[in-house]
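If you want the building blocks of each chain, they are given just below.
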Amino acid sequence: MTALYIFLVILAVLLLLFAVLALNAVRAKQRGRRLAPQPDYYSEAELAQHAERLAQMIRCETVSCRESFDDTEFKKLRDTVRELFPLFHEKAQFMTFSYDCWVYKLPGKDQSRNMMVMSHHDVVAGTGEWKHPPFAAEIADGKLWGRGTVDTKTPLFAEFTAFEELLGEGFEPPCNLWLASSHNEEIGGDGIPLALEYFKKQGIEFELILDEGGAVIAAPMPGISCKCAMLAVHEKGRHLLKCTAEEGASHTGLAPKTDTPVVRMAKFIAEVSEKKPFIRRIYPQVRAMFEGLCPYMAFPMRLIFANLWLFAPLLKTLMPKINPMAGAMLGTMCSFNTINGGKYGSVQAKTVEAGAYLRCIDDKDLAQDIAAFRTIAEKYGVEVTDGEGNEYHAPADLGKPAYDYVRECVADVFPHVACAPFILPAGTDARWLTDVCQCVIRFAPIDIDPQQFASVHSPDENIDIKAVGNAIAFYKRLLREYH
């Protein structure tokens with residue numbers, strides 16, 4: 001009887017647990033927005049006109065270069081946008097930073113409040129084999145082909161067009177509305193950092209800044225049947241460490257014959273790469289991502305993500321194995337990008353140096369991660385010092401009304417998609433502006449398929465012509481009803 005009683009108690013507990021998990025999954029689905037078909041915002045003739053106008057911007061080969069700045073194609077683009085958007089250029093104040101970083105200000109009724117949209121106008125080179133020449137801006141198969149169609153002249157064109165159309169309708173901005181576009185985002189240039197210095201000197205702060213980063217994409221996780229608008233609310237920080245192993249810096253436990261700088265550095269790198277001794281967490285931004293996507297998941301997945309109180313430890317283990325990009329949102333990632341020592345031959349290198357590149361989510365966790373990194377380094381007699389160019393930028397405050405407003409705009413303009421925040425592993429111009437805005441969101445309102453997503457910095461970059469119209473509709477909604 002005792003064994004049977006224990007069995008029945010365990011069974012009852014398991015049934016109760018499953019009931020709780022299932023109830024949470026049902027409630028999570030109910031919190032989701034009912035999806036609806038995507039409306040048509042422009043006629044086919046209007047979309048064709050938009051595509052032809054955007055094509056003029058794509059034909060400007062504004063490729064950024066680290067070594068020098070050739071203004072020829074950039075001037076061509078400046079002249080093009082002034083011709084395409086005369087009303088906006090008549091009404092807006094214009095400033096330039098560095099060689100060609102544009103900052104426009106459209107004064108509003110309330111001069112104390114500011115909101116800004118951004119998209120850079122430089123592009124990477126159009127190398128590789130293309131179906132259509134990268135700067136010919138050909139229209140075929142319902143798409144506009146060319147370098148910059150995704151990254152990021154389409155969003156820039158849509159921003160300009162939204163302003164132009166709204167002003168043509170007699171729009172009066174409720175507050176100061178800004179548009180910024182740098183000429184050297186692709187090379188991590190000085191355009192937006194110089195604009196930031198201006199904003200700080202003038203005491204200008206923004207309620208909302210919207211730049212590139214996320215987009216409307218295919219579901220980023222299995223078990224979701226709809227597209228998803230992914231809003232990047234944080235960028236991973238950057239920290240460089242210089243690692244040095246020298247002759248004679250041995251650990252006493254190592255055999256002298258194998259105690260060379262090369263061997264010790266190799267063992268150190270291998271242990272860091274294998275153990276990954278860094279903190280792993282479900283950060284608030286990642287939890288919010290799960291909560292945003294959960295209502296649209298199939299039941300088995302929804303059962304897990306609606307009950308993170310139980311399954312979070314399992315997810316921290318499985319996510320890096322299922323999806324490396326998702327795994328990168330759990331904490332600091334480390335890559336060894338350089339290693340230098342003696343030349344090949346019989347002469348032993350007396351000094352070996354390696355560069356470690358850390359991408360962190362939380363600056364406080366990074367301090368602990370570096371301490372763990374140093375502990376392994378000490379084991380192999382490797383000295384660790386800070387490199388140059390370290391960065392950390394605060395995440396967006398998800399409690400700000402501006403964040404909810406962007407989600408509201410997404411729901412209105414893209415009613416067929418789910419919407420969720422995420423942490424961006426790449427870098428954008430917007431990261432510099434977290435000092436003057438507590439709600440920096442990286443989202444370009446372009447609806448792209450997996451091939452178009454993969455075409456960024458690769459051959460055959462293209463955008464659906466209908467997606468151009470949808471992006472314009474999004475910016476018009478964002479600007480017109482901001483309050």
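Just so you know, these numbers come straight off a predicted model, no measurement behind them.

### Some words on the sheet that holds strand β5 (residues 143-145)
Sheet strands pair via backbone hydrogen bonds, and the direction of the pair is either parallel or antiparallel. With antiparallel pairing, three strands are arranged side by side in an open sheet as β4-β5-β15. The open sheet has two edge strands with one neighbour each: β4 (139-140) and β15 (462-464). Alignment of β4 against β5, held across two bridges, turns out to be antiparallel. Bridge pairing links A140 to K143 in β5. Packed onto the sheet, helix α15 (residues 465-480) meets β4, β5 and β15 and runs at close to 75° relative to β15.

### Thoughts on the pattern of salt bridges
Opposite charge on two side chains lets them pair, provided their charged atoms get close. For the coordinates displayed, the defined rule picks out 25 salt bridges. E165 is paired through a salt bridge with K476; the nearest N and O atoms lie 3.0 Å apart. Taken as a pair, E165 in helix α5 (residues 153-168) and K476 in helix α15 lie far apart in primary sequence, 311 residues in all. Here E165 falls in the partly exposed class, since its relative accessible area comes to 22%. Between K476 and E169 there is a salt bridge, with its nearest N and O atoms 3.0 Å apart. Within this pair, whereas K476 is found in helix α15, its partner E169 is found in the loop between α5 and β6 (175-181), the two being separated by 307 residues in sequence. Counted as one network, the salt bridges with shared partners bring together E408, D412, R477, R480 and E481.

### Points about the environment of G214
Counting through the fold element by element, G214 comes out in strand β7 (residues 208-217). Residues G214 and I441, 227 residues apart in the sequence, show an inter-C-alpha distance of 8.9 Å. Excluding anything up to four places from it in sequence, G214 contacts M230, A232, F422, R442, F443 and A444.

### Some words on the nonpolar core
Counting 122 residues, the largest nonpolar core has F199, F290, L293, F474 and L478 as the members making the most contacts within it. At ten residues, the largest contribution of residues to this core is made by α15. Setting aside residues up to four positions removed in sequence, F474 forms contacts with L210, V406, C409, V410, V413, F414, F443 and P445. Core analysis: the second largest hydrophobic core is formed by 22 residues, F268, V352, A356 and I376 among them.

### A closer look at the sheet that holds strand β10 (residues 333-340)
Taken in spatial order, the four strands line up as β10-β11-β9-β12 in an open sheet, and their pairing is antiparallel. Only two strands of the sheet have a single partner each, and these edge strands are β10 and β12 (382-386). Strand-to-strand, the axes of this sheet are offset by a mean angle of 25°, without reference to chain direction. As paired strands, strand β9 (residues 237-246) and β12 are joined by five bridges and run antiparallel to one another. Each residue of the ladder has a partner; that of A245, found in β12, is V382. Each of β9, β10, β11 (351-360) and β12 is contacted by helix α7 (residues 261-275), which is oriented at about 150° to β9, the strand it contacts most.

### Re the environment of Y104
Its location among the elements puts Y104 in strand β2 (residues 101-106). What makes Y104 buried here is its relative accessible area of 2%. Each C-alpha atom, one on Y104 and one on F94, is 4.6 Å from the other, the two residues being ten residues apart in sequence. Among all residues touching Y104, those that are not within four sequence positions of it are V81, F88, H89, A92, Q93, F94, F160, L177, W178 and L179. A polar atom in the side chain of Y104 sits 2.8 Å from the side chain of H89.

### Digging into the packing of aromatic side chains
Tallied over the entire structure, the rule returns 23 aromatic pairs. Ring geometry for F85 versus F160: centroids 5.0 Å apart, planes at 15°, classification stacked. Placement of F85 in the loop between α3 (72-84) and α4 (86-91) and of F160 in helix α5 is noted, with a sequence separation of 75 residues between them. In this structure, R82 packs its charged tip against the face of F94, placed 5.4 Å from the ring centre.

### A word on helix α1 (residues 2-30)
Each α-helix turn comprises 3.6 residues. Residues three or four places apart therefore point the same way. Taking 1.5 Å as the rise per residue, α1 with 29 residues should run 42 Å; its terminal C-alpha atoms sit 42 Å apart, in good agreement. All buried positions along α1 are accounted for by L21, A22, N24, A25 and A28. Where α1 is buried, its residues touch α9 (299-305) and α10 (308-322).

Rules used throughout
The numbers attached to residues start from 1 for each chain and follow its sequence in the written order. Thresholds applied to this predicted model are a pLDDT of at least 70 for local features of residues and 80 or more for the giving and counting of side-chain atom pairs; totals over whole chains, interfaces and linings are not thresholded and use all residues. Only hydrogens and water are removed before side-chain values are computed, so all heavy atoms of the structure are retained for them. Here, a strand pair is defined by DSSP locating no fewer than two bridges between the strands. The numbering of helices and of strands both runs from the N terminus, where a helix is a DSSP run of H or I of at least 4 residues and a strand a run of E of at least 2. Contacts are assigned to residue pairs with any non-hydrogen atoms lying within 4.5 Å of each other. In this analysis, axes come from line fits to C-alpha atoms, helices being fitted only over the stretch in contact, and the angle between any two N-to-C directions falls in the range 0 to 180 degrees. Salt bridges are identified by distance alone: a Lys or Arg side-chain nitrogen within 4 Å of an Asp or Glu carboxyl oxygen. The cut-offs for exposure are 20% and 50% of the maximum accessible area for each residue type, with area from a 1.4 Å probe on protein chains only; residues under the lower value are buried, those over the upper are exposed, and the others partly exposed. For the purposes of this section, nonpolar cores are sets of buried Ala, Val, Leu, Ile, Met, Phe, Trp, Tyr and Cys residues that join through side-chain atoms within 4.5 Å. Any N or O atom pair separated by 3.5 Å or less is treated as a polar contact, with the protein-specific requirement of one donor-capable and one acceptor-capable atom, and with residues adjacent in sequence counted only for side-chain atom pairs. Only centres within 6.5 Å qualify two rings of Phe, Tyr or Trp (six-membered ring in Trp) as a pair; their planes then separate them into stacked at under 30 degrees, edge-to-face at over 60, and tilted for everything else. Lysine and arginine charges are scored as sitting over a ring when NZ or CZ, respectively, is within 6 Å of the ring centre and within 35 degrees of the ring normal. In this analysis, the expected span of each helix is defined as 1.5 Å times one less than the number of residues it contains.

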